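These are the residues of each chain, in order.
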Amino acid sequence: MRHLIDPLDFTMEETERLLDLADRIASDPAAYQEAARHKKLATLFYEPSTRTRLSFEAAMLNLGGSVLGFASADSSSAAKGESVADTIRVISCYADIAAMRHPKEGAPLRASRYSRIPVINAGDGGHQHPTQTLTDLLTIRRRKGRLGGLTIGLCGDLKFGRTVHSLMMSLARCEGVRFVLISPEELRVPDYVITETLGPRGIPYEEVRSLETAMPGLDILYMTRVQRERFFNEEDYVRLKDSYILTAEKMKLAKPDMAVLHPLPRVNEIALSVDEDPRAAYFEQVQNGVYVRMALILTLLGLEG
Ligand code: NCD
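An account of the accompanying structure is given in this report.

To continue, consider the site of the ligand. Around the ligand, the neighbouring residues are Arg51, Thr52, Arg101, His129, Gln132, Arg162, Thr163, Arg225, Gln227, Pro263, Leu264 and Pro265. Protein chains bury 94% of the 310 Å² of accessible surface belonging to the ligand in isolation. The site holding the ligand turns out to be the largest pocket. At the level of elements, helix H2 (51–62) and helix H6 (162–171) are the ones that each hand at least two residues to the shell around the ligand.

Structure (C-alpha cells):
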C-alpha cells in the first residue's frame, strides 16, 4: 500500500506517469466517470481549506466515487482529544482512501503509519503540500511542454509557504532547473530546503529582494500569499504582507511566454489587472488540480490501468 506524504514519495518517473494520466483524464473526462465507482474518499481537514478539500471531493465525485469527512478540527473527535493515530484507524473502516490536512507538521505521516488505507498529505503546517505540487507540475508541463531546463522564480513567503518547499523539492530532480528566490530577509526559504534539496544536487539558485530585477529572466513566476496564520505576531505580518505585489506594469518586464502560478488563495499579491494577461495561469491551475487528484486517487487505489 502506498501513501503520498512527501513529494519525494513518488520518483520523477512515477510523477511524470501520474501527470500523463492527468493529461489523459483532461482530454476525455467522461471515460473516467465510473473509474472509482463504489470507492469512498475521506477528507480529514483539521485546518481551513476551500480549494484543496473541494478539489479532492470533486475529483472523487468525477470518478463516480463518494466522499465523507469533516472540514474542521472542532467538528471532529480531535475536539475530544482523539489522536490522529486513532482517528485514522477508525476511518480505515469507513473509507478506501483518505486526504488529511493538519496544522501540525508530520501529522499525516504519523497517520499513515497506523492506516490500513492510502493516506494523502493535503498540507501539514508550514511543511509540505505534495498534491499542490502535482498541480503546479501539471500546469508547468502543460504551459511549457517540459519540466526541465526552466528558470523558476518563487516570490513572497518562502519561509512558511509549504507549497514552495514541496515544489522546490520536486523540481530539483529535473535536469537544468534554476531557482530565483525572491523574498524579504525574514521570509527566506528555510535552510533545510537549501542544504537538503539544492546543495547536494548542485542546483543553481540566487536569493534576491527585487521582483522587478528578477522578472526578465524567469520562465515561471510562482507567487505566494504571506501566511498570516503562521506568524507569531500580527505586527510582523502587517510589516511584511505587502512586500510584493505583481501588477500589469511589472508584467511588462517579463518574457512573453512566462507563466504566473499561484496556489491560491490570493490576498493582494497579484493585482486583478494581471488576471486578463494570457500569462496568468492560476485559474487553469485550479482546474489542473482536479485532474491531477483524479489521477492520484486512481493510482493509489491501483485503478489506473
Ligand atoms: C495553499 C496552502 O494551503 O498551503 N493553498 C492551497 O492549498 N491551494 C497556499 C496558501 O494557503 O497560501
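Further remarks concern the layout of surface pockets. Considered as a void within the structure, the largest pocket measures approximately 370 Å³ in volume. As for the largest pocket, its lining consists of 21 residues, and the residues nearest its centre are Arg101, Arg162, Arg225, Leu264 and Pro265. Breaking the lining of the largest pocket down by element, the ones donating at least two residues are H2 and H6. Across the lining of the largest pocket, the residue classes break down as four nonpolar, ten polar and seven charged. Counting residues domain by domain, the lining of the largest pocket receives three or more from each of domain 1 (7–128 + 287–300) and domain 2 (131–285). Considering only enclosed or pocket space, the second largest pocket measures out at about 160 Å³ in volume. What lines the second largest pocket is Arg2, Phe10, Glu14, Arg17, Leu18, Asp20, Leu21, Arg24, Thr299 and Glu304. With six residues, helix H1 (residues 12–27) is the largest single contributor of residues to the lining of the second largest pocket. Among the residues forming the lining of the second largest pocket, the class breakdown is three nonpolar, one polar and six charged.

We now examine unusual backbone geometry. Between leucine 264 and proline 265 the backbone carries a cis peptide bond, its omega angle lying at 5°. Here proline 265 lies in the loop between strand S9 (259–261) and helix H11 (282–300). Residue histidine 38 is not a glycine yet carries a positive backbone phi of 70°. Mapped onto the secondary structure, histidine 38 falls in the loop between H1 and strand S1 (40–45). Overall, the relative accessible area of 65% leaves histidine 38 in the exposed class. Even without a glycine there, the phi angle at leucine 264 is positive, about 65°. Structurally, leucine 264 can be placed in the loop between S9 and H11.

This paragraph deals with the pairing of strand S7 (residues 205–208). Here strand S6 (residues 178–182) pairs with S7 via four bridges, running parallel. By the bridge assignment, valine 180 is partnered in S7 with glutamate 206. In this view, the connection linking S6 to its parallel neighbour S7 by way of helix H7 (residues 191–198) has right-handed handedness.

With parallel pairing, the four strands of this open sheet are ordered in space as S2-S1-S3-S4. At either end of the open sheet lies a strand with only one pairing partner, and these are strand S2 (66–70) and strand S4 (119–124). Ignoring which end each strand starts from, the neighbouring axes of this sheet average 15° apart. In this structure, S1 lies alongside S2, joined through five bridges in parallel fashion. For alanine 42, the partnering residue across the bridge sits in S2 and is leucine 68.

Conventions adopted
Residues numbered from 1 in each chain as written. Predicted model: local features only at pLDDT ≥ 70, side-chain atom pairs only at ≥ 80, totals over all residues. Heavy atoms only, no water. Near = heavy atom within 4 Å. Areas by Shrake-Rupley, 256 points an atom, 1.4 Å probe, with all protein chains shown as cover. 1 Å grid on protein atoms, 1.4 Å probe; cavity = no way out; pocket = protein on both sides within 12 Å on 5 of 7 lines; lining within 4 Å. Sits in = over half its atoms within 2 Å of the grid points. Helix = DSSP H or I, 4+ residues; strand = E, 2+ residues; numbered from the N terminus. Points joined across faces, edges and corners; volume = space filled by probe spheres on them. Nonpolar A, V, L, I, M, F, W, Y, C, P; charged D, E, K, R; others polar. Domains from an automatic or database assignment. Buried < 20%, exposed > 50% of the residue type's maximum accessible area, 1.4 Å probe, protein only. Pairing = 2+ DSSP bridges. Right-handed = clockwise from strand over helix to strand, strands pointing away. Axes fitted to C-alpha atoms, helices over the stretch in contact; angles between N-to-C directions.

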